[in-house]
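Examination of the molecular architecture
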Amino acid sequence: MIVSRTRVFRVIAILLAMNFAVLAGPGGASAAPTYALVQGSGSSWAANAVNQWVATVAASNMRVVYTANGAAQGRKDYANKSTDFGVTDSPYRGKDPTTGATDSPLGRSFAYLPIVSGGTSFPYHVEVGGKMVRNLRLSGETIAKIFTNKITNWNDPAITADNNGVALPSIPIIPIVRADGAGITNQFTTWMVSQYPSLWQECNGGKLAPSDYFPLNCGETRGPQKAQSGSDGVMNYVKSEGANGAIAMEEYSYPLGANFPVLKVLNKAGYYTLPTQYNVAVALTQAQINDDPNDPNYLTQKLDNVYVNPDKRTYPLSSYVYAIIPTAANDSRMTTAKRQTIVDFLKYSICEGQSAVGPIGYSPLPINLVQAGFAQVNKLKLADDGVSFDASIIQDVKNCHNPTFIPGKPSENYLAKIAPFPADCDRPGKGPCGETVGSFNENPDDDGKVPANPDATGGGKKGDKGTGTVDGGTGGTPTGATDADGDGVPDAPTGADPGVVDDLGLGGGTTTDGGETASVVATTLSSDGSAGPPGVLTALVVGLFVGTLVVPTVVSQTVSRRRGRR
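Note that the structure is predicted; figures quoted are calculated from it, not measured.

1. Some words on the nonpolar core
- Of all hydrophobic cores here, the largest spans 104 residues; its most connected members are Ile115, Phe122, Phe147, Trp154, Phe188, Phe345 and Phe374.
- Phenylalanine 188 has contacts with Phe122, Ile143, Phe147, Phe214, Met249 and Leu317, leaving out every residue within four places of it along the chain.
- Counting nine residues, the second largest nonpolar core, distinct from the first, contains Val282, Ile406, Ala416 and Ile418.

2. Some remarks on the packing of helix H12 (residues 336-349) against helix H13 (residues 367-383)
- The geometry of H12 relative to H13 is characterised by a closest axis approach of 10 Å and an angle of 165 degrees between their N-to-C directions. What the angle tells us is that H12 and H13 run roughly antiparallel. At the point where H12 passes H13, the crossing takes the left-handed sense. Residues Arg339, Ile342, Val343, Leu346 and Lys347 of H12 touch H13, and the partners they reach there are Phe374, Val377, Leu380 and Ala383.

3. Brief notes about helix H8 (residues 230-239)
- Where H8 is concerned, the buried positions are Gly230, Ser231, Val234, Met235 and Val238.
- The elements touched by buried residues of H8 are strand E7 (124-125), strand E11 (174-178), strand E12 (226-228), strand E13 (246-248), strand E14 (250-251) and helix H9 (253-257).

4. Things to note about the packing of helix H2 (residues 47-57) against H12
- It is at 10 Å that the axes of H2 and H12 come closest, and there the two elements cross at 115 degrees. Crossing angle aside, the handedness with which H2 passes H12 is right-handed. Mapping the contact onto sequence places Val50, Trp53, Val54, Thr56 and Val57 in H2 and Phe345, Tyr348 and Ser349 in H12.
- Looking at side-chain class alone, the contact of H2 with H12 contains six nonpolar, two polar and no charged residues.

5. Observations concerning H2
- All of the buried residues along H2 are Ala47, Ala49, Val50, Trp53, Val54, Thr56 and Val57.
- Each element contacted by the buried residues of H2 is listed here: strand E2 (64-67), strand E6 (111-121), H9, H12 and strand E20 (362-363).

6. Considerations on the sheet that holds E13
- With mixed pairing, the four strands of this open sheet are ordered in space as E7-E13-E11-E12. If you trace the sheet from one side to the other, it starts and ends with E7 and E12, each paired once.
- Strand direction decides the pairing type here: E7 and E13, joined by two bridges, are antiparallel. In the strand pairing of E13, tyrosine 124 is matched with isoleucine 247.

7. A word on unusual backbone geometry
- Note the cis peptide between glycine 431 and proline 432, where omega equals 5 degrees.
- With respect to the helices, strands and loops of the structure, proline 432 is situated in the loop between helix H14 (414-417) and strand E21 (436-437).
- Here asparagine 61, not a glycine, exhibits a phi torsion of approximately 65 degrees, which is positive.

8. Quick notes on the pattern of salt bridges
- Counted under the stated rule, the structure contains 18 salt bridges.
- Taking the shortest distance from any N to any O, the salt bridge between arginine 75 and aspartate 103 comes out at 2.9 Å. Separated by 28 residues along the polypeptide, arginine 75 in helix H3 (residues 71-79) and aspartate 103 in strand E5 (residues 102-103) bring together distant segments of the chain.
- What makes arginine 75 buried here is its relative accessible area of 1%.
- On the basis of relative accessibility, which here comes to 5%, the residue aspartate 103 falls in the buried class.
- Linking lysine 430 and aspartate 424 is a salt bridge whose minimum nitrogen-to-oxygen distance equals 3.8 Å.
- A relative accessible area of 37% means that lysine 430 is categorised as partly exposed.
- A cluster of three or more residues bridged by salt bridges with shared partners is formed by Arg75, Arg93, Asp96, Asp103 and Asp212.

9. Overview of the pairing of E11
- By the criterion of burial, E11 is predominantly enclosed, with five of the five residues buried.
- Note that E11 and E13 share three bridges and pair parallel. Following the sheet pairing, proline 175 is matched in E13 by isoleucine 247.
- Here E11 runs beside E12; their pairing, made up of three bridges, is parallel. Residue pairing in the sheet places valine 177 in a bridge with alanine 227 of E12.

10. Section: the environment of tyrosine 66
- The topology assignment puts tyrosine 66 in strand E2.
- The sequence separation of tyrosine 66 and asparagine 51 amounts to 15 residues, and the corresponding C-alpha distance is 7.1 Å.
- Side-chain polar atoms of tyrosine 66 contact the backbone oxygen of glycine 42, separated by 3.4 Å.
- Only 2.7 Å separates the side chain of tyrosine 66 from the backbone oxygen of serine 43, close enough to count as a polar contact.

Thresholds applied
Residues numbered from 1 in each chain as written. Predicted model: local features only at pLDDT ≥ 70, side-chain atom pairs only at ≥ 80, totals over all residues. Heavy atoms only, no water. Core = buried A, V, L, I, M, F, W, Y, C linked by side-chain atoms within 4.5 Å. Buried < 20%, exposed > 50% of the residue type's maximum accessible area, 1.4 Å probe, protein only. Contact = heavy atoms within 4.5 Å. Axes fitted to C-alpha atoms, helices over the stretch in contact; angles between N-to-C directions. Helix = DSSP H or I, 4+ residues; strand = E, 2+ residues; numbered from the N terminus. Parallel < 35°, antiparallel > 145°, perpendicular 65-115°, else oblique. Left-handed = near helix turned anticlockwise from the far one by under 90°. Nonpolar A, V, L, I, M, F, W, Y, C, P; charged D, E, K, R; others polar. Pairing = 2+ DSSP bridges. Salt bridge = Lys/Arg side-chain N within 4 Å of Asp/Glu carboxyl O. Polar contact = N/O pair within 3.5 Å; in protein donor to acceptor, adjacent residues only side chain to side chain.

From the geometry alone we can't say anything about function, so treat these as descriptive.
Here you go:
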């Protein structure tokens, strides 16, 4: 068969066009975005979430360095233009009310945007007979008195009463607080000011205001408190062999990652609850958010109603954490490439990145804060026309695959809706939930690990099913959710798979349990932020391209040889 040269070149042209169409994607051929290294610092409370996002976007050539040096230092670093962005648990206040230290942006323009929520938890190390106690529960008043040196032993009658008469032996309590200016301290002391003002005022030298710095000389005596720097420093102390009796305040992600127990805290409805992503989502439905775009504190939180939320599932000490971003066109640290990096990093963080925070101890943002966050991100583009950002995402966030909102019901917080109700044994005068071993109860799971469903308050084992309100040791699927795989964890709603690749191209992985086991795999970004072809598709396209160059030559040589033989 004779193949005409015209036909060969026609085939080549068609294949080349197909190759370039695939490579260019739906938006057409365009250059990759130009990124530059950006540096941020601040909250260690949020660090596990931020560092997870940093690792993911690195696959898309975004270089982001984050230093978890405490919220107070993060605000200082931003104000001093030592960093490109900050992360903080509280806004600038002019000066710290405890230390008098300057707490001001020093004239640098900025905007706040919430990036993640979570619970201030209380990890503890209490061993009885060589076994770790894993299901302690305390009221807010008991916790407040422990950290203000009013309760100093684990056999205190208040602790016994919180645990329905089950007493611990005499073990001195060692409260662990932060030595640096920390957002976790601010979260705790904000709660103290609202709920136990007299205890905090006495502890804080008569000053009734939240602080990033916890006073070691709390009350009349110094007490047994130990101060550690950073969240990791706190958890390392609590976990150490010589720390029997220790209790700390820390974001739930840290003890969860260390498989260390945290207190169940008594809420206003009369139930002891854990700081799971579900209970935090429920609690924060009562958060008051500053909704005045002209206020410098726009989007910051007021949590008084959260602390007393009457829903049985509420975890009282729930809150948000914020990024601080540069908004001025003349910011001396900023370039177009840096702004683009911050834009795309935050676009991923508050969109697709939210689907992965639940499993590591945080709770994803609701839709109104995601949209408001995008409006804040858009300020970077308004400051620099060279920055690429499609502001239409402010209104249309359906591709975020965030488990708090699902298609067709954007105003409904789905995560809060499906949150399991606590077990009856988590009420005062009942329980504590679990099996009694020796003089106290241990984790009801046979293997002593974190329950397969951390939100079934009875500590249900994998495979248990129920209504979500069952007693002592059985997991539950809440009303309105399904549990097709029988793991005791609610399935994701149809169309809300957080593993689908979004318009930033940072998805992959799938989930079947409403975000509890999400995985995130990065792909290549195109210039408009859309997903470029994955590695397998790229290899296929390259193969086709090479084929279009080699095959016609081989065909032509073969035809020539055959003609020569004739």
